[in-house]
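# Summary of the model geometry
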Amino acid sequence: MTRVAFLGLGHMGLPMAKNLVAAGHEVHGFDLVPGAIEAAGTAGIPVAASGAEAVTDAEVVVTMFPAGKHVIEAYRTELLAAARPGTLFIESSTIAVDEARAAHALALAAGHRHIDAPVSGGVVGAEAGTLAFMVGGSDDDFAAALPLLGIMGKRIVHCGGPGLGQAAKVCNNMVLAVSQIAVAEAFVLGERLGLEHQALFDVVSQASGQCWALTTNCPVPGPVPTSPANRDYQPGFAGALMAKDLGLALQAIEQTSTDARMGRLAQELYAAYAAGDGAARDFSGIITDIRG
């Protein structure tokens, strides 16, 4: 049994923490949001009065925060000083690559171990324990984290040194955004040409255009009963989160002077989508913007 401090008990963090508890680990949580604290209590997870209190006796600290600035601030102001020497920090927020490397440097300077381990798979994956983890850090720290990551996720990939887990996440979500837009555009074009949704799905899902954005996250109701399109685009992964991740991708594109025109365009389209009703809807709902 490992004593784990889990900070950030929102839609993703709480089910991840619950899976650790179900596997027999001792989990102490913390969150600033009253609703999240109440939900954790209902789930039987004790919630500390502060982040510092949560990490004091932990062997492992998992953070799942909204943005990199929150990670850096929490590390600097309370978490690293409160944790006992040699604590393993697993940073699972989606943040910029340079922020992940800064967090890593802060943790090491304070005498701790650290990996960046952002996730993919959404709330459904968090609840089912089937998340994908993209991990950046040393071989030893990856090996130390692997037993816990294996409880929360199904596919865990060591991508390289510090920050490279976040690099993989940024690249993956850029591909996802571009493909989701392309699938949505294809369905709108098909509609205007007189194609039935099911007919187009039956062709593309078995042809060279096959992709996750079609076969799992189909943006029209019907062909994939479990897709958000059949629930009025209630999010598995909200448009606001995709816009945030594409903002991180754009930052990386500019820092590396990469000619990524499709990535830039996807960022523009999702920023516009998230500025309206798309913020709280599934990112596949961008088809409504494309229809006009």
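Now for a look at the structure at hand. Every value quoted in this text rests on a predicted model; they were computed, and no experiment measured them.

What the chain contains, in helices and strands, is 13 helices and eight strands. For the chain, the C-alpha radius of gyration of 20 Å lies close to 19 Å, the compact-globule estimate for 292 residues. Its C-alpha atoms give the chain principal-axis dimensions of about 65 × 45 × 30 Å. When contacts within the chain are restricted to residue pairs at least 6 apart in sequence, long-range pairs at least 24 apart make up 65% of them. Working note: accessible area of the chain is about 13,000 Å², and carbon and sulfur atoms make up 58% of it.

The full count for this structure, using the stated rule, is five salt bridges. We note a salt bridge from Asp 232 to Arg 281, for which the minimum N-O separation is 3.6 Å. Of this pair, Asp 232 sits in the loop between helix H10 (212-215) and helix H11 (239-255) while Arg 281 sits in the loop between helix H12 (261-274) and helix H13 (287-291); the two residues are 49 residues apart in sequence, bridging distant segments of the chain. Where Asp 259 meets Arg 261, a salt bridge forms, and the shortest distance between an N and an O atom there is 3.3 Å. Given the relative accessible area of 59%, Asp 259 is considered exposed.

What follows concerns the packing of aromatic side chains. Inspection of every chain in the model, using the stated rule, returns four aromatic pairs. Seen from their ring centres, Tyr 270 and Tyr 273 are 6.0 Å apart, and the 80° between their planes marks the pair as edge-to-face. Of this pair, Tyr 270 and Tyr 273 both sit in helix H12, three residues apart, which is roughly one turn of the helix. There is no split in this pair, since Tyr 270 and Tyr 273 are both buried. Relative to Phe 283, the ring of Tyr 270 has its centre 6.2 Å away and its plane inclined at 50°; by these criteria the two rings are tilted. Note that Tyr 270 is positioned in helix H12 and Phe 283 in the loop between H12 and H13, a separation of 13 residues in sequence. The burial state of Tyr 270 is the same as that of Phe 283; both residues are buried.

Let us look at the packing of H11 against H12. A pair of packed helices can be characterised by two numbers: the angle between their axes and the separation between those axes. Contact geometry of H11 with H12 gives a least axis separation of 9 Å together with a crossing angle of 145°. Crossing angle aside, the handedness with which H11 passes H12 is left-handed. Touching Gly 239, Ala 240, Met 242, Ala 243, Leu 246, Gly 247, Leu 250, Ile 253 and Glu 254 of H11 are Gly 263, Arg 264, Ala 266, Gln 267, Tyr 270, Ala 271, Tyr 273 and Ala 274, all from H12. Split by residue class, the contact of H11 with H12 holds eleven nonpolar, four polar and two charged.

What follows concerns the pairing of strand S2 (residues 26-30). For S2, the buried fraction is high: four of the five residues fall into the buried class. Both strand S1 (residues 3-7) and S2 contribute to a ladder of five bridges, which runs parallel. Bridging across to S2, Arg 3 finds its partner in Glu 26.

Right, let's talk about the packing of helix H8 (residues 164-193) against H11 for a bit. At a minimum axis distance of 9 Å, the contact between H8 and H11 shows a crossing angle of 115°. Helix-helix and strand crossings are classified by hand; for H8 and H11 the assignment is left-handed. Only Met 242, Asp 245, Leu 246, Leu 248, Ala 249 and Ile 253 of H11 make contact with H8, whose side of the interface consists of Lys 169, Val 170, Asn 173, Met 174, Leu 176 and Ala 177. Here the residues of the contact of H8 with H11 sort into nine nonpolar, one polar and two charged.

Nonpolar side chains in soluble globular proteins tend to be buried together. In this structure, Phe 6, Met 16, Ile 90, Phe 133 and Leu 149 are the most contacted members of the largest nonpolar core, which totals 29 residues. The set of elements that each furnish at least two residues to this core consists of S1, helix H1 (13-22), helix H2 (34-42), strand S3 (60-63), strand S4 (88-91), strand S7 (131-136) and helix H7 (139-152). Here this core takes five residues from H7, the largest share from any one element. Residues contacting Leu 149, with those up to four places away along its chain left out, are Ile 90, Ile 115, Phe 133, Val 135 and Ile 156. Within the second largest apolar cluster, 21 residues are counted, among which are Val 55, Ala 74, Ala 83 and Ala 103.

How each quantity is defined
- Residues numbered from 1 in each chain as written.
- Predicted model: local features only at pLDDT ≥ 70, side-chain atom pairs only at ≥ 80, totals over all residues.
- Heavy atoms only, no water.
- Helix = DSSP H or I, 4+ residues; strand = E, 2+ residues; numbered from the N terminus.
- Rg over C-alpha atoms; globule rule 2.2 N^0.38 Å.
- Contact = heavy atoms within 4.5 Å.
- Areas by Shrake-Rupley, 256 points an atom, 1.4 Å probe, with all protein chains shown as cover.
- Salt bridge = Lys/Arg side-chain N within 4 Å of Asp/Glu carboxyl O.
- Buried < 20%, exposed > 50% of the residue type's maximum accessible area, 1.4 Å probe, protein only.
- Phe/Tyr/Trp six-rings, centres within 6.5 Å; stacked < 30°, edge-to-face > 60°.
- Axes fitted to C-alpha atoms, helices over the stretch in contact; angles between N-to-C directions.
- Left-handed = near helix turned anticlockwise from the far one by under 90°.
- Nonpolar A, V, L, I, M, F, W, Y, C, P; charged D, E, K, R; others polar.
- Pairing = 2+ DSSP bridges.
- Core = buried A, V, L, I, M, F, W, Y, C linked by side-chain atoms within 4.5 Å.

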